[in-house]
Amino acid sequence: GQVLSCRPLVPGRSRSKTGKDVTESCSDLSRPQTPLEGLPVLKKAKGHYWYPSNGPKILDACGGAGVACLGHGRPDIIKAVNTQMKSATYASYAHFQTPPVQELSDWLIKSTGGEMQKVYVMSSGSEAMEAAVKLAVEYFRWQGQSERTNFIARHDSYHGTTIGALSVSGHHARRAPFSPLLSPTRFHHISPCNPYRQLPSSSSSTPDWPAYIAEKVAELEATFTTLGPQTVAAVVLEPVVGAALGCVPAVPGYLAAMKAVCERHGALLIFDEVMCGMGRTGWLHAWQGEGKEPAGVVPVPDLQAIAKGFAGGYQPASALLVGRKVAGAMERDGGGRVFTHGHTYQNHPVVAAAALVVQRAVEREGLLENVRVQGELLGRLLRERLGSHPNVGDIRGKGLFWGVEFVKDRVTKEPFEPGLGIAERVHKVAVGGFRVLVYHGQGCAGGGRGDHIMIMPAYTISERLVGEIVERVAGAVEEVFRRL
Ligand code: PMP
């Protein structure tokens, strides 16, 4: 459990001027930073481990930013990507269709039971969310409703780094430097679904979920009324809030209730499944898991963004999935309505080939079942090991997507002062002393306060490694608060 000190690295070197081992990570993955500054040099990544150029291997408990869903360096995936590289390294989406894009699109549409009808393959979550925002506006223009240009999203949310995606985001720290560029009259934010922060603790009784959801519905309804229902293009939600809050799943029935409000007012529903989608929750699409809950209604979105686990990091891959309603409008009148949007690298054949082979592996190897089984174990072990720690406020998640929120006081739920950088300390001690990588973030209690870590191992994780992750993470947490 030795904790290494943190110092900047000269890119390409692995020792400081003093010759001391500096392979521990100093990164704050929740905040943008200068590329390479202070980061260890990675020699290779294989299976569930990162191998820095100096120091022992690091157990990967978060797949980077929740990306590496099959682990690192799988020969079968690399081979499929290479095969595509040999047949066509690139094709402009404006000039050609390519077999991997066609096959991937068909596979994705089928995976939604035909609820989604069109697929745009892109390269990042931000691009997919940016496109969703633009397509919503263009859809309503086709419908003769060009006044529908307002968006309702939620506070404590992150939907991407480009202007449109950042405008939708309710991430105050990331918005602040660019606020003059983010329209305050188009993008509106309501409260998230975050019972830990919004309801008083009660160990004896289950919260009154219907009453809680009714409050959220009333808030959304009131926002529609204030804006004028006929001016709202879409409501934007992340079914399980990842980086902004630390793996907070929607209360069962909440997503369906939000969808009902959208339908009542003729607005679209956009799901951001960039982080929680493509198997992370134990269901291929997070919304599909909702139907299994007691509430029973499957909240199908109109537009859906996917990324991260889509190609598991073997290529930079994302996609915008277009539901029946919007796709139908595009097909009307002989399909002449074309989305005024396009990237040079859109529908990239190598990206599509990587996503396709990753998804085929998830399917063939029955990995969604493993996500559900190991996810339950991960949640149970985290609670057993850390559930009564005086500085652990909440442990929550779904599938292999678990968050631990730290507090100064378990009763009042008071967060730590942001300057203490608690989540970052846990991350550093986890990597430096316990050789396990977790994803850390700040801001989960609103207003930029609050600390959490996220645990998102590969879908191929074993029972033994789940146990090891929990032991190492718990060791790091205990050490940080012992020293505080
Ligand atoms: N939406 C969500 C929910 C995300 O977690 C992220 C990235 N963390 C994004 C959008 C943006 O994706 P990217 O960083 O690939 O642009």
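Thresholds, definitions, all that
- Residues numbered from 1 in each chain as written.
- Predicted model: local features only at pLDDT ≥ 70, side-chain atom pairs only at ≥ 80, totals over all residues.
- UniProt positions renumbered as here; feature names shortened; annotations may be inferred.
- Domains from an automatic or database assignment.
- Contact = placed C-beta atoms within 7 Å.
- Helix = DSSP H or I, 4+ residues; strand = E, 2+ residues; numbered from the N terminus.
- Pairing = 2+ DSSP bridges.
- Axes fitted to C-alpha atoms, helices over the stretch in contact; angles between N-to-C directions.

An unreviewed UniProt entry lists the protein under the name Pyridoxal phosphate-dependent transferase, with Dichotomopilus funicola given as the organism. A UniProt comment under Cofactor (unreviewed entry) is attached to the protein, and it reads "pyridoxal 5'-phosphate".

(A) View of the domain arrangement of the protein. Structurally, the protein comprises domain 1 (42-73 + 368-483) and domain 2 (76-364). On a C-alpha basis, the centroid separation for the pair domain 1 and domain 2 is 25 Å. Contacts between the two partners involve 32 residues from domain 1, matched on the other side by 31 residues from domain 2. Listed by contribution, the elements that provide at least two residues to the side of domain 1 that touches domain 2 are α1 (63-66), α13 (367-386), β13 (392-397), β14 (402-406) and β17 (451-455). If one sorts the elements of the side of domain 1 that touches domain 2 by residue count, α13 sits on top with four residues.

(B) Quick look at the environment of Y254. Note on placement: Y254 falls in helix α9 (residues 254-265). The sequence separation of Y254 and P239 amounts to 15 residues, and the corresponding C-alpha distance is 9.3 Å. With residues up to four places along the chain from it excluded, the contact list for Y254 reads C193, I213 and K216.

(C) Layout of the sheet that holds strand β10 (residues 268-273). The seven strands are arranged β4-β12-β11-β10-β7-β5-β6 in an open sheet whose pairing can be described as mixed. At either margin of the open sheet sits one strand with a lone partner, and together these are β4 (116-122) and β6 (187-190). For this sheet, the mean inter-axis angle between neighbouring strands, taken without regard to orientation, is 20°. Note that strand β5 (residues 150-154) and strand β7 (residues 232-237) share three bridges and pair parallel. When the bridges of β7 are listed, F151 appears paired with A234. Contacts between helix α8 (residues 209-227) and the sheet are confined to β5, β6 and β7, with β6 contributing the most and set at about 155° to the helix.

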